[in-house]
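# Structural characterization, general
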Amino acid sequence: RIVAMAQSLGDRDLVATARFLLLGTMVEAGDLAGLDRELAENAPLVAQFTGLHDNRHSSWFRTLRALLDGDTAAAAALLDQALTRAQAENDPDALSVWGAQASLARWMSGDLAGIEPILRQATQLFPTDLIWTAALAWLWSKMGRHTAASGLLTQVTDLSQIPRDRNWLAAIAIIAEVAADLGDGPLME
């Protein structure tokens, strides 16, 4: 309905935002066939509103689609293009989305060492976003650097204070996994 309303108004920016919500909903619902149709060059909205096929949202979702397919080479090829588009569109989440997707692509291809610089930079750029600290602790735990991972977890003093934002569930799950790896029963619980 949001897409139809935006489309009837003919507002390209509103359509782009509505389409972003539609793409996200399709991913969350597991509707990959619908996602593929919407990301196609001949999709009805893309045909009606120029620039939608190549905007940052399409780029990020094409990268995500490659990751869902396990095609890390395609995802890696799309990542820098997506970041460039997002920065050109002044997307405040550009580096955060790039970091998450780049980390996933490297993890899926077995390149744990290649993730560390991304996560270190993210913890510096986004110090209040616990997801990055949790992810870095996870990485260090997987690399056998348990003391370093444990040190990062000391920053997590009160789980109830973690903002219930888009990253909350992932941060809590990652913290629990690291706590389990480190044998920290109270934090794991």
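Residues numbered from 1 in each chain as written. Predicted model: local features only at pLDDT ≥ 70, side-chain atom pairs only at ≥ 80, totals over all residues. Heavy atoms only, no water.

### Describing the nonpolar core
Judged by nonpolar contacts, the single largest core of 25 residues is most densely connected at Leu119, Leu153, Ile175 and Val178. With 10 residues, helix H9 (residues 130-142) is the single largest residue contributor to this core. Discounting residues that sit within four places of it in the chain, Leu119 has contacts with Ser103, Trp132, Ala135, Leu136 and Leu139. Counting 13 residues, the second-largest nonpolar core is a separate cluster that includes Trp60, Ala94, Ala105 and Ile118. (Core = buried A, V, L, I, M, F, W, Y, C linked by side-chain atoms within 4.5 Å. Buried < 20%, exposed > 50% of the residue type's maximum accessible area, 1.4 Å probe, protein only. Helix = DSSP H or I, 4+ residues; strand = E, 2+ residues; numbered from the N terminus. Contact = heavy atoms within 4.5 Å.)

### Some details on the pattern of salt bridges
Summed over all chains, the structure comprises 12 salt bridges. Arg56 is the salt-bridge partner of Glu89, the closest N and O atoms lying 2.7 Å from each other. Placement of the pair is Glu89 in the loop between helix H6 (72-88) and helix H7 (94-108) and Arg56 in helix H5 (residues 56-68), with a sequence separation of 33 residues. The class for Glu89 is partly exposed, based on a relative accessible area of 31%. One salt bridge connects Asp91 with Arg56, and the closest N-O pair in it is separated by 3.1 Å. Here Arg56 lies in helix H5 and Asp91 lies in the loop between H6 and H7, a separation of 35 residues in the sequence. Each member of the pair, Asp91 together with Arg56, is buried. Via salt bridges that share partners, Asp36, Arg65 and Asp69 belong to a single interconnected network. (Salt bridge = Lys/Arg side-chain N within 4 Å of Asp/Glu carboxyl O.)

### Quick word on the packing of H9 against helix H11 (residues 168-182)
Interaxial distance between H9 and H11 falls to 9 Å at its minimum, and their mutual angle equals 30°. Classified by the angle their axes make, H9 and H11 are roughly parallel. Judged by the sense of rotation from one axis to the other, the crossing of H9 with H11 is left-handed. The residues of H11 that touch H9, namely those facing Leu130, Ile131, Ala134, Ala135, Ala137, Trp138, Ser141 and Lys142, are Ala170, Ala171, Ile174, Ile175, Glu177, Val178, Asp181 and Leu182. Its residues assigned to classes, the contact of H9 with H11 shows 12 nonpolar, 1 polar and 3 charged. (Axes fitted to C-alpha atoms, helices over the stretch in contact; angles between N-to-C directions. Parallel < 35°, antiparallel > 145°, perpendicular 65-115°, else oblique. Left-handed = near helix turned anticlockwise from the far one by under 90°. Nonpolar A, V, L, I, M, F, W, Y, C, P; charged D, E, K, R; others polar.)

### Here's the deal with unusual backbone geometry
One non-glycine residue, Asn90, adopts positive backbone phi at about 55°. Take Asn90: it is sitting in the loop between H6 and H7. For Asn90, a relative accessible area of 66% gives the class exposed.

### Here we look at the packing of aromatic side chains
Enumeration over the complete set of coordinates arrives at 3 aromatic pairs. Arranged with centres 6.4 Å apart and planes meeting at 75°, the rings of Trp107 and Trp138 form a pair that is edge-to-face. Pair noted here: Trp107 is in helix H7 and Trp138 is in helix H9, with a separation of 31 residues, a long-range link. Residue classification places Trp138 among the buried positions, given a relative accessible area of 16%. (Phe/Tyr/Trp six-rings, centres within 6.5 Å; stacked < 30°, edge-to-face > 60°.)

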